[in-house]
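# An overview of the molecular structure
Residue strings, one per chain:
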Amino acid sequence: MSHFHAPGTPVAVLTTQPLDRALDYRAPAGGIEDGAYVEVPLGPRKVLGVVWGKAAGDWPVEKLRPILRILPVPPMSDAFRDFTERAAAYTLTSLSAMLRLGLRAPGLGEAPGKRRVYALGTGEPDRATEARTRVIAALRERPGDVFALSELADMASVSTGVVKGLVKSGAVLEQDTPRDADYPTLDPDRAGKALAEDQMVAASALRASVRSDTYGTTLLKGVTGSGKTEVYLEAVAEALAGGLQALVLLPEIALTGEFLHRVEARFGARPAEWHSGVTQAERRRCWSKVATGQARLVVGARSSLFLPFQNLGLIVVDEEHDTSYKQEDGVLYSARDMAVLRASCEAAQVVLATATPSLESWANAELGKYKRLDLTSRFGEAVLPKLSTIDMRDEKVPGGRWISPTLKQAIEARIIAGEQSLIFLNRRGYAPVTLCRACGQQVACHQCDARMVEHRFQKRLMCHQCGETAPMPPACPSCGVEGKLAAVGPGVERMAEEVATLFPEARVAILSSDLFGSARSLKAKVEEIAQGGADIIVGTQLVAKGHNFPKLTLVGVIDADLGLQGSDLRAAERTFQLMRQVSGRAGRADKPGVALLQTYQPEHPVIRAILSGDEEAFLREEADQRRAAGVPPYGRMAGIVISDPDGAVAFDVGNALARNTQPLDQVGAEVFGPAPAPIARIRGRHRVRLLVKAPRQAPIQPALAEWVARITLPRSTRLSIDIDPQSFL
Ligand code: ADP
Ligand code: ZN
């Protein structure tokens, strides 16, 4: 319970510094509340922290240093502190690292008027250099936005001096940030769309849940276009009407544009936004207005789960099955699971919306832990796309080409009808492999156990593991022979080339994450396509994520077998979800859609399940197999990765752990490995994996913590623990 500390008494302060415990300080004159955001001395520095309850008391009060300053923001709520502690314990993350996620507001310690920001001016630069032109271009790309000095310099890849130089001529304006402006009021009483029968039933159930003022999670399952968004906006309306805050998580920033329009249409104004595409000034505004409770609805990426809500009533996780909800570096967490945890701390409701539930959520609904609501048909006249396979064993496709005659014909018909087609291939770049025809070697990354992938538009090779790029070499790096490097296999860029050859008259658009410098430019492209600005879209999984292209009536999947090859425990589930999602892009409005899946194994059970569209049967079957194997969601797992520049050192640590499993034995957990990770080297570090499997109810986190604490790591070695791993690379 929240506590008030009298002046001069000792209090605990948790800082963002990696100390792994709260330190004791003296309460300032006037006293201080638990949860207050403060500035404290640490060594020679001043650092940010939060008052975290009673002092440990192992230092005499007179020796304690005083809290220097209380920041002018409302204190962190009990519920939020509770969540921070539980999330840290669940993910085996230090409390300070967890707190850092909650303090990601730029300039939190400064008064708003003190921050200088930079915006596009009306003057002309007195002298145009390349660097100066980049600054102006960066500002023009985001009209209306203002930036901190270093932020703008980073965006344009220039030094801060270049920006300053542009201020003199008036080409760039220097201003003091105004006090953070309030967000416009959202009106929950504006009339929404008239709901269909099943939508109405689902909406009133969600409204009742939000009104109950208790924790609960609901799986809202409905095919693409069934109106899930309309329905959960009703739950948002209920939260707003009840004076509560609401958070909507989207898996992809490019989706926020369309969503903001819908919020505006429904509630008459735009909500607060929180994601990497938002300026520092806006992030600061969002954080502080969420803290005061003035910002009532936030639309954001997974990190918005760590905003300082005062009275959170609802969290919506849209496309809850999406793998991008798992944070794969730094603090390893699943935003879906953390949403449920945060809601349970806040006595709030969670809505998990999807057309293709994750097996975890589906199983929780089966067990009765989650409620479940279904929308069974597409809204209005729209019907689900017809799915069928193209058996590639019967198709004549020339070497170096991947589009079958059957698919080609279907695309032609769409062009004639003035409709859009989508060619889907889940592979970025031009070709996955670059091979030397003289020596047979593949071009590999020098610091990773991975191939370099050709990105022809950027005229570079790129390592998808470490991001290293290099110009396309004129000669083979292995044998030095010139002119023999050849692209093997297709990536989206190569598919776009094939499409352009087959349909020279058509307007082709490529959607792949690496081709867009900023979230904003991707958003703009998506909107342009939605308006009909392309005849054929070639895309990676980026297009599977809920974009609404009204003119799209054909989806052609180049390689439906691609995801089935791995040994990943979720390979079948992922392929099923991805194929259903991408097919769902076709025929959203009044025109019926078709999805054609090119495959070499049309009789594969997963491919057959995709075609039949019987999700429940697929999920039951998949659940039976996982239950029999004792794997998630019917068992618990943790992935341990040990990395070191020296492979032998990493293996020694792995072996020591594998020999010393007593804390795990006690909770019935088993250890597998060590083994080299599938990607055995990244950024020059050799990687060794262990896998821990335990029964569903086992208290695995404390056991894991004790297990690894027994080993002293060499200085060069890193060890990470991933609870409920999604990736096994
Ligand atoms: P989902 O989120 O399930 O994919 P949406 O909520 O985006 O579905 O709905 C699909 C389309 O149908 C949207 O354009 C939406 O505005 C429209 N729609 C859904 N329900 C209704 C309704 N009751 N009245 C009018 N339009 C609706
Ligand atoms: Zn690499």
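For the structure, see preceding data.
Residue numbering note: each chain is counted from 1, following its sequence as written. As a convention, the first chain written is A and the first ligand written is 1, with the rest following in written order. With pLDDT at 70 or above as the cut-off, local features in this predicted model cover only qualifying residues; side-chain atom pairs require 80 or more to be listed or tallied, and sums for whole chains, interfaces and linings still use all residues. Neither water nor hydrogens contribute to the side-chain values; these are computed over all heavy atoms in the structure.

## Digging into the site of ligand 1
Our working definition: In this text, near means that some heavy atom of the residue lies within 4 Å of the molecule or strand in question. What qualifies as a polar contact is a pair of N or O atoms within 3.5 Å, subject to a donor-acceptor requirement within protein and to the restriction that residues adjacent in sequence count only when both atoms come from side chains. Residue exposure ignores everything except the shown protein chains as possible cover, and the areas themselves are Shrake-Rupley values with a 1.4 Å probe. The nonpolar class holds Ala, Val, Leu, Ile, Met, Phe, Trp, Tyr, Cys and Pro. Asp, Glu, Lys and Arg form the charged class, and all remaining residues, Gly among them, are polar.
Contacts to ligand 1 come from 15 residues, most closely from Ala194, Gly225, Lys228, Thr229 and Arg262. A distance of 2.9 Å separates a nitrogen atom of ligand 1 from a polar atom in the side chain of Gln199. In the model, an oxygen atom of ligand 1 is placed 3.3 Å from a nitrogen or oxygen of the Ser226 main chain. Burial of ligand 1 by the protein amounts to 80% of the accessible area it has alone, namely 550 Å². Here the residues of the shell around ligand 1 are counted per class, giving four nonpolar, six polar and five charged.

## A closer look at the coordination of the zinc ion (ligand 2)
Note the following rule: Metal sites are built from N, O and S donor atoms within 2.8 Å, or 3.2 Å for Na, K and Ca, and they leave out water, so they may look incomplete. Geometry is assigned from donor-metal-donor angles: four donors are tetrahedral when every angle falls between 85 and 135 degrees, four are square planar and six octahedral when opposite donors sit over 155 degrees apart with all other angles between 65 and 115, and any other arrangement is irregular.
With distances of 2.3 to 2.4 Å, the protein atoms coordinating the zinc ion (ligand 2) are Cys445 (SG), Cys448 (SG), Cys463 (SG) and Cys466 (SG). Because the angles between the four donor atoms bound to the zinc ion (ligand 2) fall within 103 to 114 degrees, the donor set is best described as tetrahedral.

## Digging into the nonpolar core
Threshold: For our purposes a nonpolar core is just a set of buried Ala, Val, Leu, Ile, Met, Phe, Trp, Tyr and Cys residues, chained together by side-chain atoms within 4.5 Å. Burial classification: accessible surface area is computed with a 1.4 Å probe over protein chains only, and a residue below 20% of its type maximum counts as buried, one above 50% as exposed, and the rest as partly exposed. A run of H or I in DSSP becomes a helix once it reaches four residues, and a run of E becomes a strand once it reaches two; helices and strands are each numbered from the N terminus.
One finds Tyr37, Trp287, Val298 and Leu305 to be the most contacted residues of the largest nonpolar core, which totals 54 residues. Ranked by the residues each element gives to this core, the list is headed by helix α10 (residues 335-346), at seven residues. Trp362, Ile529, Ala586 and Ile610 belong to the second-largest nonpolar core, a separate cluster that totals 40 residues.

## Points about the sheet that holds strand β7 (residues 69-70)
Let me state the cut-off plainly: A pair of strands is labelled paired if DSSP reports no fewer than 2 bridges between them. It only takes one pair of heavy atoms within 4.5 Å for two residues to be counted as in contact. In this description, a line fitted to the C-alpha atoms serves as the axis of each element, helices being fitted only across the stretch in contact, and the angle between N-to-C directions of two axes falls anywhere from 0 to 180 degrees.
Pairing in this open sheet of five strands is antiparallel, and the strands run β3-β2-β6-β5-β7 from one edge to the other. The open sheet has two edge strands, β3 (23-26) and β7, and neither has a second partner. Sheet analysis places strand β5 (residues 37-42) next to β7, joined by two bridges and oriented antiparallel. Counted as the bridge partner of Val38 is Ile70 from β7. Sheet strands in contact with helix α1 (residues 78-91) are β5 and β6 (45-54), and its direction is about 100 degrees off that of β6.

## As for empty space enclosed by the protein
Cut-off, in case you're wondering: Cavity: a set of points on a 1 Å grid over the protein atoms alone where a 1.4 Å probe fits but cannot get out. Pocket: an open set with protein on both sides within 12 Å along at least five of seven lines, its lining residues, like those of a cavity, having an atom within 4 Å of a point. Grid points are joined across faces, edges and corners, and a volume is the space filled by probe spheres set on the points.
According to the stated counting rule, one finds one cavity of 30 Å³ or more in the structure shown. There is about 40 Å³ of room inside the largest cavity. Of all the secondary-structure elements, those providing two or more residues to the lining of the largest cavity are α15 (571-583) and α17 (615-629). Class assignment of the residues belonging to the lining of the largest cavity gives a composition of four nonpolar, two polar and two charged.

## Things to note about the packing of α15 against α17
What counts, and what does not: Roughly parallel means an angle under 35 degrees; roughly antiparallel, over 145; roughly perpendicular, 65 to 115; everything else is oblique. The handedness criterion is simple: a crossing whose near helix is rotated anticlockwise from the far helix by less than a right angle is left-handed, and one whose near helix is rotated clockwise is right-handed.
The interhelical angle for the contact between α15 and α17, taken along N-to-C directions, is 165 degrees, at an axis separation of 11 Å. It follows that α15 is roughly antiparallel to α17 by the angle criterion. Crossing angle aside, the handedness with which α15 passes α17 is left-handed. Contacts between α15 and α17 involve Ala572, Glu573, Phe576 and Arg580 on the former and, on the latter, Glu615, Phe618, Glu622 and Arg626.

Coordinates in, geometry out; function isn't part of it.
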